[in-house]
Amino acid sequence: MELSEKGGVQNNGFVQNEDFEDKETATSSQDEMPKMCSVDVDPVAVEETMLKPYAGMPKEVLLQFSSQARYRVTREILFWLVIAGAIVLVCATIAIIALSPKCLDWWQASPIYQIYPRSFRDSNMDGNGDLKGIQEKLDHITYLNIKTIWITSFFKSPLKDLGYGAEDFYDIDPIFGSMTDFENLIAAIHDKGLKVIMDLIPNHTSDKHRWFQLSRNRTGKYTDYYIWQDCRQAAGSLIPPNNWVSVFGNSSWEFDDVREQCYFHQFGKEQPDLNFRNAAVQQEIHDIIKFWLGKGVDGLSFGTVKFLLEATHLRDEPPVNKSQNGESITAYSQLYHDYTTTQVGLHDIVRSFRHTMNEFSREPGRYRFMGSDDDEKEDIEATMMYYGTTFIQEADFPFNFNLINMKNLSGNSISEAVNSWMQNMPAGKWPNWAVGSPNAARISTRIGKEYINVMNMLLLTLPGTPVTYYGEEIGMENIASENATLPEKSPMQWDGKVNAGFTEGNSSWLPVNSDYQSVNVEIQSTWSNSSLALYRALTLLRNEELPMNRGWMCHIWNDSNVFVYVRELDGLDRVFMMVLNFGQEATTDLQARVPNLPSEAVIRLSTHFSNAGKVVNTKLIKTEMGEGLVLEYTTAKPVHTMEAFQGKCFVAEKACYSKVLNLLYVNC
Ligand SMILES: [Ca+2]
Ligand SMILES: [Ca+2]
């Protein structure tokens, strides 16, 4: 009876749901109508609601259907499905962003190519390299698969000290060109997708600097821009305020006739130290930083920062040899520099530089790199201080000269140089490596021609940012020179023409090395087994292979001949193992060093090109003197997961590879 009341349809168990619902809906809407509206129901309208939807029905009919449960519910289901889908998409996006590792920044992703501008390329035949010359040769940088250029000091300077004492921090030395040349160079560098770092040495100026001239005349605020002290005259000779000695030897105090006082200089007497205890001096440096970042420079390398502050008490520094007579102390190495280097407050100044640089780093993709360039040699902990702490950032990295400062060459000494950096570097920081610099003999001269390629292989396969000093990619050698700082600054050897293509002029400021017929870019680019070809193959490998640019590095083995390490990435079963020979011919049993090592590996790259592609037995890896191998193999058990190698593995900016999604993620 109930059923017939609901529309008179007998439920025989086979009533189609649709029909049943239809009727139910139609009836119930009839039932509800009086409750909803106060008007009587039009029988014609009721008739209409009994109709099926049809094409071209008028709006009123359409509305009748659309309020029916079957359409309303469907509509609501669809609506909520769309909402749920959108929420899932948003969550997935957030998850991917949260799980994605930070992309390597530009200063981490590419090697840095350091150019000594006076020696790179001369564009105007005066025998001196210049900014336009660098611009002419930018294709060489991209040819090397490098994206970052570091140009050493080019400020207006009397060049007494090869440009390290600026006469004007806001101007280019005319020898290198004009400010317009510089702006054009920056634009050209950025057009090619490259970045540029420049030097800034804030410790001192040239004695020709306007500030020094004003200071020696006690003019206004400039009076205290430098470090002045009274010095006594005794028996016709000058007695300095204390026993402090300059880096170049002899007293670091110099009498100034104009002011009739002594000024302090850590380096040459033509390079008076600025007074960093004077806030106005610090502000000047911040203004200089802002000026160059405003010009578009992507990073600054702050040189010789450990010399910024000196103790105000001016006490004598303790002699290394306690019995040495004070009068006879003239060399820098004869004193402990407790009061003239790394004074309290120094790192506050370095952090303030970082702070100013950060103001220019806010735009996406415009992070400004900060390096510190202080060769501490013996004091690795002092060097590491420039990384700052987890919470207070200083330099992105202090430049690492460990591989340059080694006293002898062997697999052991290389291993020690590498490990000393890795073990002392604060957690979460990014390493870097240099094998050449404007202040050290070239690889070829320092350790021998036969090791050029293996040094470059080491440089470009270690974790972190590699720094190449111009010319090391072709294995340039020092020239003979009486000046101790010049032999590694000889003109870049571009081709076999006169002056090695460095200048079209008659002469160059320093002689070109006589080996330029075989050691030059042009000829080496035609040889498949040249240092240049290897260098390019290595930078390409570094760019293309994830384990090489952001994977683990595990130290495997070292002895007097070889240094062995692997590069691995979580989620990838492909491993690269470097076997680098820094001694004499050797055979290394890698299976004895790594448990479950595959018995065979492929030589992906070799300093001896003819070996590339060969399959070798990992029990008997032969390397000749100066030979380097990049071996490749696959394994389900990478070294960094093994108990035996705990504490011997390192990773910065950890990431894991997902084969399924073909992307990198964190938290693996
Ligand atoms: Ca020139
Ligand atoms: Ca100083």
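Residues numbered from 1 in each chain as written. Chains lettered and ligands numbered in written order. Predicted model: local features only at pLDDT ≥ 70, side-chain atom pairs only at ≥ 80, totals over all residues.

Caption draft 1: Examining the overall build of the chain more closely. Secondary structure assignment for the chain yields 20 helices and 26 strands. In summary, the chain has a C-alpha radius of gyration of 36 Å against a globular reference of 26 Å for 668 residues, an excess of more than 25%. Taken along its principal axes, the extent of the C-alpha atoms in the chain is 135 × 70 × 55 Å. The proportion of buried residues among the 668 residues of the chain is 41%. Taking the intrachain contacts of the chain between residues at least 6 apart in sequence as the baseline, contacts between residues at least 24 apart amount to 65%. (Helix = DSSP H or I, 4+ residues; strand = E, 2+ residues; numbered from the N terminus. Rg over C-alpha atoms; globule rule 2.2 N^0.38 Å. Buried ≥ 20, exposed ≤ 12 C-beta atoms within 10 Å, placed from the backbone. Contact = placed C-beta atoms within 7 Å.)

Caption draft 2: The arrangement of the sheet that holds strand E15 (residues 465-469) in detail. If you walk across this open sheet you meet the eight strands as E13-E12-E11-E5-E2-E1-E15-E14, and the pairing is parallel. The open sheet has two free edges, formed respectively by strand E13 (397-398) and strand E14 (432-434), since each of these has just one partner strand. Sheet topology note: the strand E12 (residues 369-373)/E13 ladder contains two bridges and is parallel. Residue pairing across strands places Gly371 opposite Phe397, the latter belonging to E13. (Pairing = 2+ DSSP bridges.)

Caption draft 3: Main features of the pairing of strand E1 (residues 112-115). Judged by which residues are buried, E1 turns out to be covered on both faces: Ile112 and Gln114 on one side and Tyr113 and Ile115 on the other are all buried. Pairing between E1 and strand E2 (residues 148-151): four bridges, direction parallel. Of the residues in E2, the one forming a bridge with Ile112 is Thr148.

Caption draft 4: Seen up close, the sheet that holds strand E17 (residues 562-568). Taken together, seven strands build an open sheet; the order of strands is E21-E20-E23-E18-E17-E16-E24 and the sheet is antiparallel. Looking at which strands have only one partner, the edges of the open sheet turn out to be strand E21 (615-617) and strand E24 (649-650). Running over the sheet, helix H15 (residues 411-424) touches strand E16 (552-558), E17 and E24 and is turned about 150 degrees from E16. (Axes fitted to C-alpha atoms, helices over the stretch in contact; angles between N-to-C directions.)

Caption draft 5: Fine view of the domain arrangement of the chain. We note that the domain assignment places domain 1 (2-67), domain 2 (108-203 + 279-309 + 338-543), domain 3 (204-275 + 310-337) and domain 4 (549-665) within the chain. For domain 2 versus domain 4, the distance between C-alpha centres works out to 29 Å. Contacts between the two partners involve 30 residues from domain 2, matched on the other side by 25 residues from domain 4. Of all elements in the fold, only H15, helix H17 (452-461) and helix H19 (531-544) reach the threshold of two or more residues within the side of domain 2 that touches domain 4. For the side of domain 2 that touches domain 4, the class distribution of residues is 16 nonpolar, 11 polar and three charged. (Domains from an automatic or database assignment. Nonpolar A, V, L, I, M, F, W, Y, C, P; charged D, E, K, R; others polar.)

Caption draft 6: Expanded view of unusual backbone geometry. Even without a glycine there, the phi angle at Asn145 is positive, about 60 degrees. Note that Asn145 resides in the loop between helix H8 (138-143) and E2. You will see that Asn596, though not glycine, has its phi angle at about 60 degrees, which is positive. Of note, Asn596 is situated in the loop between strand E19 (586-588) and strand E20 (600-606).

Caption draft 7: Looking closely at the pairing of E17. Most of E17 is tucked away, with seven of its seven residues classed as buried. Of the two faces of E17, the one carrying Val562, Val564, Val566 and Glu568 and the one carrying Phe563, Tyr565 and Arg567 are both buried. When E16 meets E17, the two strands line up antiparallel, connected through six bridges. Residue pairing in the sheet places Trp557 in a bridge with Val564 of E17. The antiparallel pairing of E16 with E17 creates a hairpin that spans three residues between the two strands. Bridge analysis of E17 against strand E18 (residues 574-581) gives six bridges, and the strand direction is antiparallel. Note that in E18 the partner of Phe563 across the bridge is Leu580. Taken together, E17 and the strand that follows it, E18, pair antiparallel across an intervening segment of five residues, in which Gly571 is found at a positive phi of about 95 degrees.

Caption draft 8: Quick peek at the UniProt feature "transmembrane region" (unreviewed entry) in the chain. Residues annotated in UniProt with the feature "transmembrane region" (unreviewed entry) correspond here to residues 77-99. Counted over residues 77-99, helix gives 100% and strand 0%. Its end C-alpha atoms are 32 Å apart. (UniProt positions renumbered as here; feature names shortened; annotations may be inferred.)

Caption draft 9: Up close: the packing of helix H11 (residues 279-294) against helix H12 (residues 346-359). It is the contact of H11 with H12, at a shortest axis distance of 10 Å, that shows an interaxial angle of 35 degrees. Once H11 is placed against H12, the crossing between them reads as right-handed. For the pair H11 and H12, the contacting residues are Gln282, His286, Ile289, Lys290 and Leu293 in the first and Ile349, Phe353, Thr356 and Met357 in the second. Here the contact of H11 with H12 is built from residues that sort into five nonpolar, three polar and one charged. (Left-handed = near helix turned anticlockwise from the far one by under 90°.)

Caption draft 10: Looking closely at H19. Here H19 spans 20 Å end to end across 14 residues, near enough to the 20 Å set by a 1.5 Å rise per residue. Taken together, the buried positions of H19 are occupied by Ser531, Leu532, Leu534, Tyr535, Ala537, Leu538, Thr539, Leu541 and Arg542. Close packing links the buried residues of H19 with H17, helix H18 (521-524), helix H20 (546-550), E20 and strand E23 (628-634). (Expected span 1.5 Å × (residues − 1).)

Caption draft 11: Region of interest: helix H9 (residues 179-191). Counted at 1.5 Å a residue, the expected span for H9 with its 13 residues is 18 Å, and the 18 Å between its end C-alpha atoms agrees. Taken from the residues just after H9, Gly193 is the one with a positive phi, measuring 80 degrees.

Caption draft 12: Expanded view of the environment of Gln229. Position of Gln229 relative to the elements: it lies in strand E6 (residues 228-229). When the C-alpha atoms of Gln229 and Pro240 are compared, they prove to be 8.7 Å apart, with 11 residues separating the residues in sequence. Setting aside its immediate chain neighbours within four residues, Gln229 contacts Pro241, Trp253, Gln261 and Cys262.

Caption draft 13: Expanded view of the environment of Tyr451. Its location among the elements puts Tyr451 in the loop between helix H16 (443-446) and H17. Linking Tyr451 and Gly626, residues 175 residues apart in sequence, is a C-alpha distance of 4.7 Å. Not counting residues within four places of it along the chain, the set of residues in contact with Tyr451 comprises Leu409, Ile443, Phe582 and Gly626.

Caption draft 14: Molecular detail of the packing of H17 against H19. Contact geometry of H17 with H19 gives a least axis separation of 10 Å together with a crossing angle of 15 degrees. When the axis of H17 is compared with that of H19, the two are roughly parallel. Crossing angle aside, the handedness with which H17 passes H19 is right-handed. Counting all contacts with H17, which are made through Ile452, Asn453, Asn456, Met457 and Leu460, the residues of H19 involved are Ser531, Leu534, Tyr535, Leu538, Thr539 and Arg542. (Parallel < 35°, antiparallel > 145°, perpendicular 65-115°, else oblique.)

Caption draft 15: Geometry of the environment of Lys489. Positionally, Lys489 belongs in the loop between E15 and H18. Sequence separation between Lys489 and Ser119 is 370 residues; the distance between their C-alpha atoms is 6.4 Å.

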